[in-house]
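Close look at the chain arrangement
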Amino acid sequence: MLSMSARHLFVAASLSLALAACSGADGGDAAAEAPPVIKERHDNFEEIGDAFKAVRGELEKDAPDFTLIAAKANDINARAMKIEGHFPAGTSTEDGFKTEALPAIWQKPEEFKAAGQKLIDESAKLVSVAEGGDKAAVSAQAMAMGGACKGCHDQFRLDDKK
């Protein structure tokens, strides 16, 4: 009788697995099936945003911590270098994924690469300027870096708040 129960459990488990596999076969929830790179790029951009927010917060102070600003700019720079690799073909809204990445990324790859390079360059400049400790110069460079972010967002990111 015990072997019969074990066989029943095996059959029940097999049927459960088959049903679970079939439930997603009709193209169910694309977010659940999304490649890990979509989450990686989202998290990378969230970290860039958090670092930039910290820079802006420091610049609102009378005596900003330029060492912290340089560290955050360095973090942004390192993360900016990862951007291009976070957008492989097949990971856009046109592929059925919930993402803020516009198809223009894949339609205009050279422009997208240039926009990413601009963030790399501007964040590297911010690291250098922050080391000088001049609040006006650091503020101006932070604005330039923010402009690089905005330029990319305007062309390549879905703004669902419009």
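Data block above holds the structure.
One structure accompanies this document, and this report is about it. (Residues numbered from 1 in each chain as written. Predicted model: local features only at pLDDT ≥ 70, side-chain atom pairs only at ≥ 80, totals over all residues. Heavy atoms only, no water.)

A few words on the overall build of the chain. Per the secondary structure count, the chain includes 7 helices and 0 strands. Going from the N terminus to the C terminus, the chain shows its helices and strands as α-α-α-α-α-α-α. In the chain, which comprises 162 residues, the share counted as buried stands at 31%. In the chain, 70% of the contacts between residues at least 6 apart in sequence involve partners at least 24 apart. If you sum the accessible surface of the chain, you get close to 10300 Å²; carbon and sulfur atoms cover 58% of it. (Helix = DSSP H or I, 4+ residues; strand = E, 2+ residues; numbered from the N terminus. Buried < 20%, exposed > 50% of the residue type's maximum accessible area, 1.4 Å probe, protein only. Contact = heavy atoms within 4.5 Å. Areas by Shrake-Rupley, 256 points an atom, 1.4 Å probe, with all protein chains shown as cover.)

Think of an α-helix as turning once every 3.6 residues; residues three or four places apart then point the same way. In this model, helix α4 (residues 66–80) (15 residues) spans 20 Å end to end at C-alpha, consistent with the 21 Å of a helix rising 1.5 Å per residue. All of the buried residues in α4 are Phe66, Ile69, Ala70, Ala73, Ile76, Asn77, Arg79 and Ala80. Residues of α4 that are buried sit in contact with α3 (36–59), α6 (109–132) and α7 (135–156). Two to three positions downstream of the cap, the backbone nitrogen of threonine 67 sits 3.0 Å from a side-chain oxygen, assigning the N-cap of α4 to aspartate 65. (Expected span 1.5 Å × (residues − 1). Polar contact = N/O pair within 3.5 Å; in protein donor to acceptor, adjacent residues only side chain to side chain.)

Let us look at the pattern of salt bridges. Enumeration according to the criterion identifies 6 salt bridges in this entry. One salt bridge connects aspartate 43 with lysine 39, and the closest N-O pair in it is separated by 2.6 Å. Remark: lysine 39 and aspartate 43 occur in helix α3; sequence separation between them is 4 residues, near one turn of the helix. Assessed through its relative accessible area of 32%, aspartate 43 is described here as partly exposed. In this structure, aspartate 154 and lysine 150 form a salt bridge, with 2.7 Å as the shortest nitrogen-oxygen distance. Residue aspartate 154 and its partner lysine 150 are both found in helix α7; the two are separated by 4 residues, about one turn of the helix. (Salt bridge = Lys/Arg side-chain N within 4 Å of Asp/Glu carboxyl O.)

This part covers the environment of asparagine 44. For asparagine 44, the position within the fold is in helix α3. For the pair asparagine 44 and histidine 86, spaced 42 residues apart in the sequence, the C-alpha separation amounts to 9.0 Å. Ignoring sequence-local partners within four residues, the contact set of asparagine 44 consists of Arg79, Lys82, Ile83 and His86.

What follows covers the packing of aromatic side chains. Think of a pair of aromatic rings as described by two things: how far the centres are apart, and how the planes are tilted against each other in angle. Under the defined criterion, the tally for this structure stands at 4 aromatic pairs. Relative to phenylalanine 87, the ring of phenylalanine 45 has its centre 6.1 Å away and its plane inclined at 55 degrees; by these criteria the two rings are tilted. Taken as a pair, phenylalanine 45 in helix α3 and phenylalanine 87 in the loop between α4 and α5 (104–107) lie far apart in primary sequence, 42 residues in all. Overall, the relative accessible area of 10% leaves phenylalanine 87 in the buried class. One aromatic cluster is present, formed by Phe45, Phe87, Trp106, Phe112 and Phe156 through successive ring pairs. (Phe/Tyr/Trp six-rings, centres within 6.5 Å; stacked < 30°, edge-to-face > 60°.)

Here we take up the nonpolar core. In terms of nonpolar packing, the biggest core is built from 30 residues, with Ile69, Leu119 and Leu126 touching the most fellow members. For this core, the secondary structure elements donating two or more residues are α3, α4, α5, α6 and α7. Those residues in contact with leucine 119, other than ones at most four positions away along the chain, are Ile48, Ile76, Ala80, Ile83, Met145, Ala148 and Cys149. (Core = buried A, V, L, I, M, F, W, Y, C linked by side-chain atoms within 4.5 Å.)

With that out of the way, let us pick up the packing of α3 against α4. Put simply, α3 and α4 touch, their axes get as near as 9 Å, and they point 160 degrees apart. When the axes of α3 and α4 are compared, the pair comes out roughly antiparallel. The two elements α3 and α4 meet at a crossing, and its hand is left-handed. Judged by residue contacts, Asn44, Glu47, Ile48, Ala51, Phe52, Ala54, Val55, Glu58 and Leu59 of α3 engage Leu68, Ile69, Lys72, Asp75, Ile76, Arg79 and Ala80 from α4. (Axes fitted to C-alpha atoms, helices over the stretch in contact; angles between N-to-C directions. Parallel < 35°, antiparallel > 145°, perpendicular 65-115°, else oblique. Left-handed = near helix turned anticlockwise from the far one by under 90°.)

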